[in-house]
Amino acid sequence: MNALPSFFLHLSAKPTPSARTDTAGTVSSGSTMIHCELSERPSGSVANKVDVRPIAKGGRIVLRIALDAASRAGKPGVDFVDQPSFLLLPETVVDATIEVDVCARLLPDAPDYARGFIGLADRVRPDLSAYESVYIRPTNGTLHAPGPPRDHRAVQYYAYPDWPFDVLRDREPGRYEAGADIGIDRWYRLAITVSGPAFSASVNGIPVLSGTGTIEPEPGRIGLWVDIGTEGFFSNMTVLARAG
């Protein structure tokens, strides 16, 4: 079963002063729609390898998330690059559609291979031993005309720990990544849907990637995910959780 996240319920009892409000309610039999502004760090959330704080950006208060100092100084494949670097939200879903506004900037010390990596993790196991993720690489978007092959690598699926982007790219070229009309330091509505073994993703309502996941579809938590070199911003999150 999908549990109704308690932090959404907590927030919905305290209306925010913004035009949007935090809500939680049943929308159909066995399904629950939940919403959070992400104007503050949700109660019960856990930061793993990241620093998190609310910040004003574009006329709203959003969550800023970036790798912590220890992770930035660490090793690729251990501390960053498709690792569990996220703000882990407190409750569990199985099948769901998760939507959130995201914006990424490159930090001043970003390595030359940084692309503004930002996205969502889903079905994160309690011990962080496995999860899957879809993220975007804004500097690979068509707004920057990066040329091939980068122009076909703006959206990425991966599964931790055995299926990082480079393994998927080597074994299934072109199957788990795709191009998108995106760019750096711009807001986008990122949505992912997981249903059984299948996943799909859209940006601003435009489908960009779909396929069959590479891990077993087990219950898990949701993470707001970033990677090396990214200053990430998250706002206005909605989850449609369906009964498993």
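Residues numbered from 1 in each chain as written. Predicted model: local features only at pLDDT ≥ 70, side-chain atom pairs only at ≥ 80, totals over all residues. Heavy atoms only, no water.

1. Brief notes about the overall build of the chain
Along its length, the chain carries three helices and 16 strands. In the chain, which comprises 244 residues, the proportion classed as buried is 52%. Surface accessibility of the chain: about 10,300 Å² in total, with carbon and sulfur atoms responsible for 53%. (Helix = DSSP H or I, 4+ residues; strand = E, 2+ residues; numbered from the N terminus. Buried < 20%, exposed > 50% of the residue type's maximum accessible area, 1.4 Å probe, protein only. Areas by Shrake-Rupley, 256 points an atom, 1.4 Å probe, with all protein chains shown as cover.)

2. Topic: the environment of Glu177
As for its position among the elements, Glu177 is in strand E11 (residues 177–178). Separated by 33 residues in sequence, Glu177 and Ser210 place their C-alpha atoms 9.1 Å apart. In contact with Glu177, other than residues within four places in its own chain, are Arg137, His152, Arg153, Val155, Gln156, Arg169 and Leu209. A distance of 3.5 Å separates the side chain of Glu177 from the side chain of Arg137, its partner in a polar contact. A polar side-chain atom of Glu177 sits 2.8 Å from a polar atom in the side chain of Arg169. (Contact = heavy atoms within 4.5 Å. Polar contact = N/O pair within 3.5 Å; in protein donor to acceptor, adjacent residues only side chain to side chain.)

3. Observations concerning the sheet that holds strand E3 (residues 46–48)
The strand order E3-E6-E15-E8-E9-E10-E11 describes an open sheet built from seven strands, whose pairing is antiparallel. What marks the edges here is a single partner per strand, and that holds for E3 and E11. Pairing analysis gives five bridges linking strand E6 (residues 86–93) to strand E15 (residues 220–226), with the strands arranged antiparallel. Looking across to E15, one finds that Leu87 is bridged to Leu224. (Pairing = 2+ DSSP bridges.)

4. Things to note about the environment of Val102
Mapped onto the elements of the fold, Val102 is located in strand E7 (residues 95–106). The buried category is assigned to Val102, whose relative accessible area is 0%. Remark: the alpha-carbon pair of Val102 and Ile118, spanning 16 residues in sequence, is separated by 7.4 Å. Ignoring anything within four residues of it in the chain, the contact list for Val102 reads Ile118, Ile136, Arg186, Trp187, Tyr188, Leu190, Phe233 and Phe234.

5. Considering the pairing of strand E8 (residues 118–124)
The element E8 is extensively covered by neighbouring structure, given that seven of its seven residues are classed as buried. Pairing analysis gives five bridges linking E8 to strand E9 (residues 131–136), with the strands arranged antiparallel. Residue pairing across strands places Ala121 opposite Ser133, the latter belonging to E9. Connecting E8 to the next strand, E9, in antiparallel fashion are six residues, including Leu128 with a positive phi near 65°. Alignment of E8 against E15, held across five bridges, turns out to be antiparallel. The partner of Ala121 across the bridge, within E15, is Gly223.

6. Observations concerning the pattern of salt bridges
Applying the stated criterion across every chain yields a total of 15 salt bridges. Of the charged contacts in the structure, one is a salt bridge between Arg72 and Asp109, with a shortest N-O distance of 3.8 Å. Here Asp109 lies in the loop between E7 and E8 and Arg72 lies in helix H2 (residues 69–72), a separation of 37 residues in the sequence. Note on Asp109: relative accessible area 53%, which makes it exposed. Between Arg189 and Glu99 there is a salt bridge, and its shortest N-O distance comes to 3.2 Å. Taken together, the residues span a long stretch of sequence, with Arg189 in strand E12 (residues 188–195) and Glu99 in strand E7 at a distance of 90 residues. (Salt bridge = Lys/Arg side-chain N within 4 Å of Asp/Glu carboxyl O.)

7. Re the nonpolar core
In a soluble, globular protein the nonpolar side chains are often hidden away together inside. Ranked by internal contacts, the top residues of the largest apolar core, which has 58 residues, are Leu224, Phe234, Met237 and Val239. If we ignore the near neighbours within four places in the chain, the residues touching Leu224 are Leu38, Leu63, Ile65, Ser85, Phe86, Leu87, Gly119, Leu120, Phe234 and Met237. (Core = buried A, V, L, I, M, F, W, Y, C linked by side-chain atoms within 4.5 Å.)

8. With respect to the environment of Arg137
Mapped onto the secondary structure, Arg137 falls in the loop between E9 and strand E10 (155–160). Distance from Arg137 to Val155, taken between C-alpha atoms, is 6.2 Å for residues 18 residues apart in sequence. Every residue in contact with Arg137, bar those within four places of it in the chain, is listed here: Arg115, Phe117, Arg153, Ala154, Gln156, Phe165, Arg169, Glu177 and Ile182.

9. A few points about unusual backbone geometry
Geometrically, the link from Pro148 to Pro149 is a cis peptide bond, its omega value of 0° lying close to zero. Mapped onto the elements of the fold, Pro149 is located in the loop between E9 and E10. Pro161 follows Tyr160 through a cis peptide bond whose omega is 10°.

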